Amino acid sequence: MNGFQLSKLQAGNNFEDDVWVVAKEILTPMFVPRFELMLEARQKKPKASEETVMTTKLASAVCILSLVFWGSATTVHIASAQAQSTPAPPLAGPPSPEQVQPWGLPPPPPGIGPVTLFADIHDQPQGKFLEGGAFDKAGNFWFVAIGSGWVSYLTPDAKLVPVFNCNPKGDLGPACEPQGTRWHDGKLYVTTRHLGVLVYDPETKNLSSLVSTFHNELFKGPNDLDFDAEGNLYFTDPWGTGPGPDAADRTGAVYQYSKDGILRRIITTGSFPNGIAVSPDDGTLAVADYASNRMLYYSFLRGPNPACADCANDPSHTTFFFATAGSYNPGNGGPDGIHYDVHGNLWAACGIGGVIEYDPRGFIIGYVPLPNGDSSATNFAFGGENNQYIYMEGAVSGTVYKFKAPYPGLIGPDGVRLAAQP
């Protein structure tokens, strides 16, 4: 009953007639046939005494008003039931790129140059699923082919030079499956999925094993590596990529092979540690967690700091003050190989087919996709003029693309760490 209908009852002289009129307005849509019969019967009633009429009016009013409120409640209930049973309209299609910038496609970072093809070696044995990435002092770009076991380099003019194959001769042992590469003190360090960490000396052409077990147990599949400013080597060992020791063991790890020749397991994690890099200030160890699709940051214990006035200093870099997890990346392909630039920005090759740049706080600055649509950007390296060009690999397509970055990379030719810049 609305305000207009209520005012009719208050202002009318014939109260009962007004009640019936209002009731008809409300109830007729629901009970038209039955209500019309009631009105017809009322009109045919014989005249009664004044007292009887008054009593009948009051009774009729009460009855009719009860019907009104009951009918209103029924209407609300029916309308509610109809609303609940009405199927939702079909969802609209996805918005066009002109309407919104999808989260899965961050814009390119500011200050980068055009992306151009550097080399295409997909039809060569050395181009079977590319990985690794490191520049020697002559400006050659060294990389590996997981699928064939080759370790090779591309000259500055993109000429392919195969160097050695780490697969065992004949049937003597499992395939090598090389992964990450780093130069240090004139030697190339290579992580392999089944043979641990290898060292290649370009002067003697000698390939030797650095470490292949920890406490007499095989690694699960060493993946990538980096050195800190003191010369300590760090490498990741994700679960599920190597021969053991136990298929049920789903724990990844990070190891340090110290400059003194001591192997330590410094991080044990249930994630899939992949790429690894030490920050320009030598204070943070960044680990790419491929399975969780985000970056992990481990702060070395380096003495007193604003958050811990009594903290000790661990010069061995085997103790951490704090560990934090960065934001999740867009898409469904996690971060793989990673490198810092001299400004403390972290760059990561990602399984979505390109390279993501993060600022020192872990925020995504931008994304550079592989132009050919290859979804497996496994690794890259800084090199070229002023060490400011990124050479990124399309693993499946057997291609290497390059572009100019805003700042030089932290790791220069022959693995030398360049000076940090504010």
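The text that follows walks through the structure, step by step, so that each part is easy to find.

Conventions adopted
Per chain, residues are indexed from 1 in the order of the written sequence. The predicted origin of the model limits local features to residues at a pLDDT of at least 70 and limits the giving and counting of side-chain atom pairs to 80 or more, whereas totals for whole chains, interfaces and linings rest on all residues. As a rule here, side-chain values come from all non-hydrogen atoms in the structure, and water together with hydrogens is ignored. Under the scheme used here, helices are H or I runs from DSSP no shorter than 4 residues and strands are E runs no shorter than 2 residues, and both carry numbers assigned from the N terminus. Residue contacts are counted whenever heavy atoms from the two residues lie within 4.5 Å of one another. Accessible areas in this description were obtained via Shrake-Rupley with a 1.4 Å probe; residue shielding takes into account the shown protein chains only. Note on aromatic contacts: the rings of Phe and Tyr and the six-membered ring of Trp form a pair at centre separations within 6.5 Å, being stacked when their planes are under 30 degrees apart, edge-to-face when over 60 apart, and tilted otherwise. Relative accessibility decides the category of a residue: with a 1.4 Å probe and only protein chains considered, values under 20% of the type maximum give buried, values over 50% give exposed, and everything between is partly exposed. Only lysine NZ and arginine CZ atoms are considered, and such an atom sits over a ring when it is within 6 Å of the ring centre and within 35 degrees of the ring normal. Two cysteine sulfurs form a disulfide in these notes if their separation is within 2.5 Å. For two strands to pair, DSSP has to find at least two bridges joining them. Think of each axis as a best-fit line through the C-alpha atoms, taken over the contacting stretch in the case of a helix, with angles from 0 to 180 degrees between the N-to-C directions. Buried Ala, Val, Leu, Ile, Met, Phe, Trp, Tyr and Cys residues that are joined via side-chain atoms within 4.5 Å together make up what is termed a nonpolar core. Whenever Lys or Arg places a side-chain nitrogen within 4 Å of a carboxyl oxygen from Asp or Glu, that contact is recorded as a salt bridge.

Glancing now at the overall build of the protein chain. Helices and strands together make up the secondary structure of the protein chain, namely three helices and 26 strands. Sequence-distant contacts in the protein chain: of pairs separated by 6 or more residues, those separated by 24 or more amount to 49%. As displayed, the protein chain offers around 21000 Å² of accessible surface, 57% of which is attributable to carbon and sulfur atoms.

What follows concerns the packing of aromatic side chains. Scanning all chains against the criterion turns up 23 aromatic pairs. Where Y234 meets F300, the ring centres are 6.0 Å apart and the plane angle is 40°; that geometry is what we call tilted. Taken together, the residues Y234 in strand β13 (residues 233-237) and F300 in strand β18 (residues 294-300) connect sequence positions 66 residues apart. Note on accessibility: Y234 and F300 belong to one class, buried. Among the aromatic side chains, those forming a connected cluster through ring pairs are F118, F135, F141, F143 and Y391. Sitting over the ring of Y389, K402 keeps its end group 5.6 Å from the ring centre.

What follows concerns the state of the cysteines. Enumeration according to the criterion identifies two disulfides in this entry. Through a disulfide, C166 is tied to C176; the S-S separation comes to 2.0 Å. Its S-S torsion of about -95° marks the bond between C166 and C176 as left-handed, since a negative value means left-handed. With C166 in the loop between β5 (160-165) and β6 (178-184) and C176 in the loop between β5 and β6, this pair connects stretches of sequence that are 10 residues apart. Here C166 and C176 have matching classes, each one buried. In this model C308 forms its disulfide with C311; the gap between the sulfur atoms is 2.0 Å. A torsion of 100° about the S-S bond marks the disulfide between C308 and C311 as right-handed. Residue C308 shares its accessibility class with C311, and that shared class is buried. If the cysteines joined by disulfides in the protein chain are listed in sequence order, their pairing comes out as 1-2, 3-4.

Reading across the sheet, the four strands line up as β20-β21-β22-β23 and stay open at both edges, with antiparallel pairing between neighbours. The sheet is open, and its two borders are formed by β20 (335-340) and β23 (364-369), each paired with just one other strand. Averaged over all adjacent pairs, the angle separating strand axes in this sheet is 20°, with direction ignored.

This paragraph deals with the nonpolar core. Counting residues in hydrophobic clusters, the biggest one holds 15 residues, and the most contacted among them are M295, I338, Y340 and L346. Those elements that provide at least two residues to this core are β17 (284-289), β18, β20, β21 (346-350) and β22 (354-358). Contact partners of L346, with chain neighbours within four places excluded, come to A277, A286, M295, Y297, I338, H339, Y340, I356, E357 and Y358.

Turning to the pattern of salt bridges, a few remarks are in order. Counted under the stated rule, the structure contains three salt bridges. E177 is the partner of R193 in a salt bridge, and the nearest nitrogen-oxygen pair spans 2.9 Å. Residue R193 is found in the loop between β7 (187-192) and β8 (196-201), and its partner E177 is found in the loop between β5 and β6; the two are separated by 16 residues along the sequence. In this structure, D359 and R361 form a salt bridge, with 3.1 Å as the shortest nitrogen-oxygen distance. Exposure remark for D359: the relative accessible area of 12% places this residue in the buried category.

Looking along a regular strand, one sees the side chains alternate between the two faces of the sheet. Within β6, seven of the seven residues are buried, which leaves it mostly tucked inside the rest of the structure. Strand direction decides the pairing type here: β6 and β7, joined by five bridges, are antiparallel. In the sheet register, R182 faces β7, and the bridge partner there is Y189. Hairpin connection from β6 to β7: two residues lie between these consecutive antiparallel strands, with D185 at a positive phi of about 55°.

Take S209: it is sitting in strand β9 (residues 206-211). Residue S209 is classed as partly exposed on the basis of its relative accessible area of 46%. S209 sits 12 residues away from V197 along the chain, and the two C-alpha atoms are 6.1 Å apart. Contacts of S209, omitting those with residues within four sequence positions, involve L195, V197 and L198.

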